[in-house]
Amino acid sequence: MTITRFAPSPTGHIHVGNLRAALFNYLIARKAGGTFILRFDDTDRERSKQEYMDGIRRDLEWLGITWDRIEQQSKRLDRYTEAAAGLREAGKLYEVFESPTELDLKRKKQLNMGKPPVYDRAGLELSEGDKAQLRAEGREGYWRFLLDRERIEWQDGILGEISIDAASVSDPVLIRADGQVLYTFASSVDDVDMGVTDIVRGADHVTNTATQIQIMQAMGGTLPRFAHHSLLTGAQGEELSKRIGALSIRDLREAGVAPQALVSMMSRLGSSQPVELLSMDEIADSFDLSHFGASPTRFDPEDLWPLTRHQNQSLPFSAVEARIRDLGVPDAQAERFWRVASQNITRLDDLAEWWDIFSTGATPEIATEDAEFVAEAMRLLPPPPYDEQSWANWTAEVKQATGRKGKALFMPLRKALTGQAHGPEMADVMPLLQVVKARG
């Protein structure tokens, strides 16, 4: 059975970068009829917050990404203690005492000597007496995993064959001096215990994957299939990390981006398939990691708006009925209003602007050279209510009275009534107009 997971750290809001990991793992599970786990990496007690967990769930639900169960690492601390004891007994976990300053000096020395800045395993040379002395001096020990210094290889679902020499990687710290279990360890224990079969995450995790493979093997676990998707850049290829805060799912939702537009784009961006508006079922059916490449993937938030426009303009009245009624549109006019306004919106929030025009009257846009003409036309416009023939009847009367025709006739009148140069057919607009400010 296929089992995947998305394991965000609830220390902030999820953004477009980690949405790809969530979506890819979700799609793999759904396509295979498997299990998708939402697993919160909340072992950082100071930074992890319930409000962020709630926000992540809300963001995923908005996108249509559902999970089969939720796990929290903070509820599995006893299991990590048990797993750590097993690694110590196997000689795979050893205590070290170097301070960050000491480690930095070691790295600089190695670099100056032309050597890779890899931890020198000095902790392995410490006797129990040495450790006791260091503790007496106020030092606190923390724990590193002893890597087998051999090549770590796997067939990556996106990057192809990967081979990393473990001798070029420092033994990873798994447990801090204060007892906090770090991501590299907790995630490995969880993936083994939960039977995770497939893991997709960003290319910046490749080295993590190499060390986690050895950790999983040391625990006797079955290795999942790994794939590492490309990292997002800005529209011009610039680093996206500095802007990522402005690209949180929460902020995109509040800006009016349609969830289906965002999911459709993120499911195809960086692949050989075209980006198009698709339902979640269509996305899952066509999803295949082999379509994705390793090159950095350019992401322009502006590309979300044509998809959002297409999605929103395609909605049936039933999908927006409650929103339209909340605007105060009378029941008798609600469906007509949607039919008239729907093809002239990008965001659903744009509906409010159109109803404001129809219900309270637009601020007229009248060019100086058209002022006299518009004034004459307004004298000929009867008061509301109007029907589907009102526009044709009125413009015919204005044409006869002023001699204007074509665009010179219609455009100034459209701008006077709606304050817009473009919009719905005026024959459809007239029955919705309740106030005409230009009359006064």
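Placed above this text is the structure.
Computed from a predicted model, the values in this text were never measured in an experiment. (Residues numbered from 1 in each chain as written. Predicted model: local features only at pLDDT ≥ 70, side-chain atom pairs only at ≥ 80, totals over all residues. Heavy atoms only, no water.)

A. Quick peek at the sheet that holds strand β2 (residues 35-40). Taken in spatial order, the three strands line up as β1-β2-β3 in an open sheet, and their pairing is parallel. At either margin of the open sheet sits one strand with a lone partner, and together these are β1 (3-6) and β3 (69-72). Here the strands of the sheet are splayed against their neighbours by 30 degrees on average, with no regard to which way each runs. Note: β2 against β3, four bridges, orientation parallel. Bridge pairing in β3 links Arg-39 to Glu-71. Here helix α1 (residues 16-32) sits on the sheet in contact with β1 and β2, set at roughly 160 degrees to β1. (Pairing = 2+ DSSP bridges. Helix = DSSP H or I, 4+ residues; strand = E, 2+ residues; numbered from the N terminus. Axes fitted to C-alpha atoms, helices over the stretch in contact; angles between N-to-C directions. Contact = heavy atoms within 4.5 Å.)

B. Local environment of the environment of Leu-240. Inspection of the secondary structure assignment puts Leu-240 in the loop between β11 (232-233) and α8 (249-255). Not counting residues up to four positions away in its chain, the partners in contact with Leu-240 are Val-16, Leu-232, Thr-233, Gly-234, Leu-247 and Phe-299.

C. Structural detail: unusual backbone geometry. Residue Pro-385 is bonded to the preceding Pro-384 through a cis peptide linkage, with omega at 10 degrees. Along the chain, Pro-385 falls in the loop between α15 (371-380) and α16 (390-402). The phi dihedral of Arg-121 falls on the positive side, at around 60 degrees, and the residue is not glycine. Its place among the elements puts Arg-121 in the loop between α4 (100-112) and α5 (128-136).

D. Focus on the pattern of salt bridges. The full count for this structure, using the stated rule, is 35 salt bridges. One salt bridge in this structure joins Glu-102 and Arg-139, with 2.8 Å as the shortest N-O distance. You can see Glu-102 sitting in helix α4 and its partner Arg-139 sitting in the loop between α5 and β5 (142-145), a full 37 residues away along the chain. For the salt bridge of Glu-388 with Arg-336, the shortest nitrogen-to-oxygen distance reads 2.9 Å. One end of the pair, Glu-388, is in the loop between α15 and α16; the other, Arg-336, is in helix α13 (residues 331-341), with 52 residues separating them in the sequence. In this structure Glu-388 comes out as partly exposed when scored by relative accessible area, which is 39%. Several salt bridges converge on common partners, so that one network encompasses Arg-5, Arg-39, Arg-76, Arg-79, Glu-82, Asp-190, Asp-191 and Asp-193. (Salt bridge = Lys/Arg side-chain N within 4 Å of Asp/Glu carboxyl O. Buried < 20%, exposed > 50% of the residue type's maximum accessible area, 1.4 Å probe, protein only.)

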